[in-house]
Each structure stands twice: as structure tokens, then as C-alpha cells.
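# Chain and residue survey
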Amino acid sequence: MSSLLEQLIDALRVLPGVGQKSAQRMAYHVLERGREGGARLATALADAVEKIGHCQRCRDFSETPVCPTCSSAARDAQTLCVVETPADRLAIEQATGFRGFYFVLQGRLSPLDGIGPHELGLDLLGARLAEGEVQELIIATNPTVEGEATSHYLAQIARQHGVRPSRPAHGLPLGGELEYVDRGTLSHAFGSRSEVA
């Protein structure tokens, strides 16, 4: 049987980027100097795990059956942005003026990992597109091999429902210099160039 300290260290290692040494430092900090903060953290974690689920409409994290974004009448129902993760949705929401709705895949197609269309909720997405209100599906998956494969699959679903698929531009960063851009990014940007208006 592990000691409570060993159990705490092992529990902290479930967090991304936290190895044995980092988990030990965190555990010792909580026990030496931050017991009140540790108790708050434990309560917040327990509440979040118990009370946060997924929105029935977009699959984002939500404390209610339908999240506040999906409940908003101020959103543009003709545009739907598909993202891989809740963090991607938040990044778009904070950095852009996008006022449409979202659909969160909670991953990307990866047959080797057992992640197919069902695990990503694509049946729910198809039903949403079949309602006929969405005119444009913005596919904002990451530009990885799996993200690109997922993007192509989503574009096919959109076209089957008469919805125009689109993809955010990828390529050169604003303010970047060509000599410092990696080959893959430069090649993709060059291949998808557009006419100057």
C-alpha cells in the first residue's frame, strides 16, 4: 500500500507535462506552505469532475445541458466552426470576432488510436447540418496529419448536406520573416497563395 504522500505525487503526475520531480515539488509545496490552497484545489477539482459535462449541442465543456454559447440568440446560426478541443474554441473566441456557433470534436480522427467518426460525435454534427440552418462550416482543425485528414472528412460531410466548407488560412505569421519560417510552413503558404486585392 502506498503512503498518502506517494499517492498525492502519483495523482499529480496525471497532469500534462508533470513528471516525477515536478509532482514531488508540487506535493511538498502544498504540504509545507500551501495546505489551504491545496484544500481549495482539491474541492475545485472534485466539483469540476462531478459537475462539468458536455453541451448536448456543441460538445464543449458545460455545467448545463446546453452551454451559454449555444443558448445565445445573438449568435449567427448560419456559421458553424468545428474545432478539435475546448482550448481551440476558447482561443478563437478570444482572438477573433467570430460570432457563429461551435462544434467541439474533443479530438481528431486517428484510427491507430481507435478514434473514429463516432468518438468525435460526427453523427451529432451531421444531424445539426441536416437541420438546414448552417450555410458555412469553418473547419478549424490543426494542420497536422490527423487534423488534415479530419478536415477532409468534415468537408465531405458538409458537402453532403449542401453546406459550404471553409478552412482558416495557414502559413506565414504576421510580422514574420521568410528566412526564419520552417520549410513545411513556407511550402504550405506558397502552395495556397491567393491573389492580392
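Residues numbered from 1 in each chain as written. Predicted model: local features only at pLDDT ≥ 70, side-chain atom pairs only at ≥ 80, totals over all residues. Heavy atoms only, no water.

Per an unreviewed UniProt entry, the chain is named Recombination protein RecR, and its organism is Luteimonas flava. For the chain, the Function (unreviewed entry) comment in UniProt is given as "May play a role in DNA repair. It seems to be involved in an RecBC-independent recombinational process of DNA repair. It may act with RecF and RecO." (UniProt positions renumbered as here; feature names shortened; annotations may be inferred.)

For the rest of this paragraph, the subject is the side chain of Thr-150. Mapped onto the elements, Thr-150 comes out in helix α7 (residues 145-160). For Thr-150, a relative accessible area of 1% gives the class buried. One polar contact links the side chain of Thr-150 to the main-chain carbonyl oxygen of Glu-146, over a distance of 2.8 Å. Non-local contacts of Thr-150, meaning those with residues more than four positions away in its chain, are made with Leu-105, Arg-108, Leu-109, Leu-120 and Thr-141. (Helix = DSSP H or I, 4+ residues; strand = E, 2+ residues; numbered from the N terminus. Buried < 20%, exposed > 50% of the residue type's maximum accessible area, 1.4 Å probe, protein only. Polar contact = N/O pair within 3.5 Å; in protein donor to acceptor, adjacent residues only side chain to side chain. Contact = heavy atoms within 4.5 Å.)

Our focus in this paragraph is unusual backbone geometry. The backbone of Arg-59 sits at a positive phi, close to 75 degrees, despite the residue not being glycine. The topology assignment puts Arg-59 in the loop between β1 (53-54) and β2 (61-62). Within the chain, Gln-106 stands out as a residue other than glycine whose phi angle is a positive 65 degrees. In this fold, Gln-106 is placed in the loop between β4 (100-104) and α6 (122-130).

Pairing between strand β3 (residues 76-83) and β4: five bridges, direction parallel. Paired with Asp-76 across the strands is Gly-100, a residue of β4. This β-α-β element, β3 to helix α5 (residues 86-95) to β4, shows right-handed connectivity. As paired elements, β3 and strand β5 (residues 136-140) share five bridges and run parallel to each other. Of the residues in β5, the one forming a bridge with Cys-81 is Ile-138. (Pairing = 2+ DSSP bridges. Right-handed = clockwise from strand over helix to strand, strands pointing away.)

Once that is clear, we can look at the UniProt feature "domain: Toprim" (unreviewed entry) in the chain. Feature annotation in UniProt assigns "domain: Toprim" (unreviewed entry) to the following positions: residues 78-173. Its end C-alpha atoms 29 Å apart, residues 78-173 is made of 36% helix and 20% strand.

Bringing the packing of aromatic side chains into the picture now. Aromatic ring pairs: the centre-centre distance and the angle between the two ring planes describe each pair. In the structure shown here, the tally under the stated rule is one aromatic pair. Relative to Tyr-102, the ring of Phe-98 has its centre 5.2 Å away and its plane inclined at 70 degrees; by these criteria the two rings are edge-to-face. Considered together, Phe-98 and Tyr-102 belong to a single accessibility category, that of buried residues. Sitting over the ring of Tyr-102, Arg-89 keeps its end group 5.7 Å from the ring centre. (Phe/Tyr/Trp six-rings, centres within 6.5 Å; stacked < 30°, edge-to-face > 60°. Lys NZ or Arg CZ within 6 Å of the ring centre and 35° of its normal.)

For the rest of this paragraph, the subject is the layout of surface pockets. Here the largest pocket defines a volume of roughly 270 Å³. Lining the largest pocket we find Leu-8, Ala-11, Leu-12, Val-14, Leu-15, Met-26, Val-30, Gly-38, Leu-41, Ala-42 and Leu-45. The dominant element in the lining of the largest pocket, judged by the number of residues it contributes, is helix α3 (residues 35-51), at four residues. Of the residues assigned to the lining of the largest pocket, the class counts are 10 nonpolar, one polar and no charged. (1 Å grid on protein atoms, 1.4 Å probe; cavity = no way out; pocket = protein on both sides within 12 Å on 5 of 7 lines; lining within 4 Å. Points joined across faces, edges and corners; volume = space filled by probe spheres on them. Nonpolar A, V, L, I, M, F, W, Y, C, P; charged D, E, K, R; others polar.)

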